[in-house]
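Working through the structure, step by step
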Amino acid sequence: MEEKKTSALHIISRVISDFFNPLVSLFIYFLYLSFQNYTLKQAITHFLPILLIVIIPVVFWLIWNVKTGRYTNMDVSNRVQRKSLYIFIAVCIISYQTYHYIVNGYIDFVMLFILILLFALQYSNLYIKSSMHTAFNVFVSALFYAFDWKAGIFWFGIAVLVGITRLILKRHTVKEVFMGAGIAFLVSFIYLYCNIQFQH
C-alpha cells in the first residue's frame, strides 16, 4: 500500500516537474506577454525570434546531448555536464540580444535578466548544483508579477510546488533548492526594482 502511494506521488511530481521546466515556464510567459500587450502581428514579430533563436536551439541541444550520452538526462542533473548547457544557453541569449538590438535599437530587458540569472546559477554551480527548475520558476513569477500581481503570486505557488517535486524526485537536496530560490529572489528583486524605476 505504501509503495503505491509513493509511486503515485512520484508520477505526479514527475509530471509537474517536467511540465514546469525552465523552457516551458518561460515559453508560457513570453506567449502571455506577446498576446497580452501586442496585436497578433506584433506578437508574432516579438515572440518568433525568441522561439527560433533561444527556445528551439536549446531544446535541440538538450535532445542531441542526451541522445549522444553527453548528458545523463534532459534535466542535466550532473553538475559537471551543466557547464556546457549554461554556455550554450548564454550564447543563444546573446545572439538574440544582438538580433534584437540590430532590429529595434535597444536590448531586451527581460532577456538581459534571464542572462544575469543564468550567470549567477553558473557561478553557484562551481560550488553547489542550484535548482534551475526552482530558480527559473521563481523568476517567471516575478515577470508575471510585474504585469499582474495575482498572476505573479499564482506562479510563485507553482515555483514552490516545483521546488517540492525536485526534492521528491531526489534531483536536488533541500540546500540546492533553497540556493536556486535564493539566487532567483535576488535577481527578481533587482529586476522588479529596475522595472519600477524605468516606468517612472
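Keep in mind the model is a prediction, meaning the values are calculated, not measured. (Residues numbered from 1 in each chain as written. Predicted model: local features only at pLDDT ≥ 70, side-chain atom pairs only at ≥ 80, totals over all residues. Heavy atoms only, no water.)

Our next topic: the overall build of the protein. Counting its regular elements, the protein contains 8 helices and 0 strands. For the protein, the succession of helices and strands along the chain, N to C, is α-α-α-α-α-α-α-α. Taking 2.2 N^0.38 as the reference for a compact globule, 200 residues should give roughly 16 Å; the C-alpha atoms of the protein span a radius of gyration of 17 Å, in line with that estimate. Dimensions of the protein, computed from C-alpha atoms along their principal axes, come out at roughly 60 × 40 × 35 Å. Counting across all 200 residues of the protein, residues that qualify as buried make up 44%. A separation threshold of at least 6 residues defines the contact pool for the protein, and within that pool the share at least 24 residues apart is 69%. Summed over its atoms, the accessible surface of the protein is roughly 11,100 Å², and 71% of this surface lies on carbon and sulfur atoms. Looking at the protein, you have 15 positive and 7 negative side-chain charges, and the mean spots of the two groups are 6 Å apart. (Helix = DSSP H or I, 4+ residues; strand = E, 2+ residues; numbered from the N terminus. Rg over C-alpha atoms; globule rule 2.2 N^0.38 Å. Buried < 20%, exposed > 50% of the residue type's maximum accessible area, 1.4 Å probe, protein only. Contact = heavy atoms within 4.5 Å. Areas by Shrake-Rupley, 256 points an atom, 1.4 Å probe, with all protein chains shown as cover. Lys, Arg positive; Asp, Glu negative; His and termini not counted. Charge placed at Lys NZ, Arg CZ, Asp CG, Glu CD.)

Moving on to the environment of valine 160. Looking at the secondary structure, you find valine 160 in helix 7 (residues 149–168). The class for valine 160 is partly exposed, based on a relative accessible area of 42%. With 22 residues separating them along the chain, valine 160 and valine 138 place their C-alpha atoms 8.0 Å apart.

Now for the nonpolar core. Among the nonpolar cores identified, the biggest contains 50 residues, and Phe30 and Ile114 are the most heavily contacted of them. Among the secondary structure elements, those contributing two or more residues to this core are helix 2 (22–37), helix 3 (40–67), helix 4 (79–104), helix 5 (109–125), helix 6 (132–147), helix 7 and helix 8 (174–199). (Core = buried A, V, L, I, M, F, W, Y, C linked by side-chain atoms within 4.5 Å.)

Residue position: asparagine 65 is located in helix 3. Assessed through its relative accessible area of 2%, asparagine 65 is described here as buried. In this structure, asparagine 65 is in contact with Arg70 and Tyr71, ignoring residues within four places of it in sequence.

Moving on, we get to the pattern of salt bridges. The final tally for this structure, using the stated rule, is 2 salt bridges. In this structure, aspartate 75 engages arginine 166 in a salt bridge whose closest nitrogen and oxygen atoms are separated by 3.2 Å. With aspartate 75 in the loop between helix 3 and helix 4 and arginine 166 in helix 7, this pair connects stretches of sequence that are 91 residues apart. Across this residue pair, the class does not change: aspartate 75 and arginine 166 are buried. Among the salt bridges present, the one from arginine 171 reaches aspartate 75, with a minimum N-O distance of 2.1 Å. (Salt bridge = Lys/Arg side-chain N within 4 Å of Asp/Glu carboxyl O.)

Structurally, the α-helix is built with 3.6 residues per turn, so residues lying three or four positions apart point the same way. Spanning 26 residues, helix 4 covers 37 Å between terminal C-alpha atoms, matching the ideal 38 Å at 1.5 Å per step. All of the buried residues along helix 4 are Gln81, Arg82, Leu85, Tyr86, Phe88, Ile89, Ala90, Cys92, Ile93, Tyr96, Gln97 and His100. Considering only its buried residues, helix 4 is in contact with helix 3, helix 5 and helix 6. Taking the backbone nitrogen of valine 80 as reference, a side-chain oxygen 2.8 Å away marks asparagine 78 as the first, capping residue of helix 4. Within two residues after helix 4, glycine 105 carries a phi angle of roughly 85 degrees, on the positive side. (Expected span 1.5 Å × (residues − 1). Polar contact = N/O pair within 3.5 Å; in protein donor to acceptor, adjacent residues only side chain to side chain.)

Looking at where tyrosine 71 falls in the secondary structure, it is placed in the loop between helix 3 and helix 4. Owing to a relative accessible area of 2%, tyrosine 71 belongs among the buried residues under this scheme. Along the primary structure tyrosine 71 and leucine 31 are separated by 40 residues, whereas in three dimensions their C-alpha atoms are 29 Å apart. Those residues in contact with tyrosine 71 that sit more than four places away from it in its chain are Trp61, Leu62, Asn65, Val66, Val76, Gln81, Ser84 and Leu85. Polar side-chain contacts of tyrosine 71 include one of 2.7 Å to the side chain of serine 84.

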